[in-house]
Amino acid sequence: MRRRDLVQGIAYSAAAWPLAARAQQQPVIGFLSTNTSDAVLPRFVPAFIRGLSEGGFIDGQNVAIEYRWASGQYDRLPALAGELVRRPADVIVAVGGTASALAAKAATTTIPVIFNLGSDPVKLGLVASLNRPGGNITGVNYFEADLVPKLLEILHEAIPSAALIALISNPNFPDSEPELQAAQAAARTIGQQLVILNASTDGEINSAFKSIAERRARALVVLPDPFLTSRRQQLVALAAYQAIPAIYAWPEFPALGGLMSYGTSLVDAYRQVGIYTAKVLKGAKPAELPVQEAVKVQLVLNLKTAKSLGITFPLSLLGRADEVIE
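### What to know about helix α7 (residues 176–190)
Phase 1: With 15 residues, α7 extends 21 Å from end C-alpha to end C-alpha; this agrees with the ideal 21 Å at 1.5 Å per step.
Phase 2: Listing the buried residues of α7 in full gives S176, E179, L180, A182, A183, A186 and A187. End-on, the buried residues of α7 take up no more than an arc of 160 degrees, which puts them together on one face. Exposed and oriented more than 90 degrees from the buried face of α7 are R188 and T189.
Phase 3: Phi for G191, located one or two positions after α7, is positive at around 70 degrees.

Structure below.
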């Protein structure tokens, strides 16, 4: 009897061990980004982790994060999303634009997905409505295309003498078409002539600046896009070399020497994504979490770059700036 009891006890312990081990495992967050790691890690990942910590989750203590970077190659996203589903992640964070959110949606209908994007998630079919998303997806939205007209307006205000403005867009970016439409409509409103230049590789960025010189454009708009953001050093350096004033969507550009930027605070948006991720890890259902709208926008001006270009910002623009780099 004693021997039988011992055998049964061992068998019971062996059967129960996997359940106990799973119970002690940390939940896993799959972080899926269209960007390169160097484009996201310095400012945005810390903001995301800060949002997580506000919800009670500390990376490496009671939660684990697995990162997947597409590095601007959107065709890699489905495979990367599939890796996170097979892991399996307890929640997938899809950031960097529409492509990552769509890849995550296609990869799973059961794992919760928290997105961060600049397009209308209802039109994209990601959610049923902003207030009641339904399904397994919700997140943070900043309606990027709505901000594009402001890029042209601010550039026109700063450089009113620019008869021709160049605009660089990545045609491979899923949101490029609505951004271009918004830019063209804004240009017609203010009577501004545009030349649109496509760039989805390093070589095409160089070619775009060659075209800017050949066509004698006097100012430049760089549309928001994960690939172009990851090439911000190249873009800022070329703009400085050709002495062309440029406006960008994110403050990371003027921080590197770009002239100015106007756009949503992505740092704040990533923090909100972290807060939502923590809520889901605690049991909240994405279907019942309204899509949050990131409303904080920033105007950043670089006075040092303006001086080197012989530009004096109007007082009306200086007075509205959230940050002035001297």
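What follows picks up the thread again.
### Describing the pattern of salt bridges
Phase 1: Going through the model one piece at a time under the given rule, you end up with nine salt bridges.
Phase 2: For the salt bridge of R87 with E66, the shortest nitrogen-to-oxygen distance reads 2.5 Å. Highlighted residues: R87 in the loop between α4 (77–86) and β3 (91–95) and E66 in strand β2 (residues 64–69), separated in sequence by 21 residues.
Phase 3: The partner of R231 in a salt bridge is D202, and the shortest N-O contact between them spans 2.6 Å. With R231 in the loop between α9 (226–230) and α10 (232–241) and D202 in helix α8 (residues 202–215), this residue pair connects regions lying 29 residues apart in the sequence.

### Brief notes about unusual backbone geometry
Phase 1: The residue after R87, namely P88, is reached through a cis peptide bond having omega -15 degrees.
Phase 2: Tracing the backbone shows P88 in the loop between α4 and β3.
Phase 3: Notably, R216 is not glycine yet its phi reads approximately 60 degrees, a positive angle.
Phase 4: If you trace the backbone, R216 turns up in the loop between α8 and β8 (219–222).
Phase 5: Among the residues examined, R216 registers a relative accessible area of 61% and is labelled exposed.
Phase 6: A positive phi angle is found at A243, which is not glycine, with a value near 55 degrees.
Phase 7: Examined against the element boundaries, A243 turns out to sit in the loop between α10 and β9 (246–248).

Rules behind the numbers
Residues numbered from 1 in each chain as written. Predicted model: local features only at pLDDT ≥ 70, side-chain atom pairs only at ≥ 80, totals over all residues. Heavy atoms only, no water. Helix = DSSP H or I, 4+ residues; strand = E, 2+ residues; numbered from the N terminus. Expected span 1.5 Å × (residues − 1). Buried < 20%, exposed > 50% of the residue type's maximum accessible area, 1.4 Å probe, protein only. Arc of directions from axis to C-beta. Salt bridge = Lys/Arg side-chain N within 4 Å of Asp/Glu carboxyl O.

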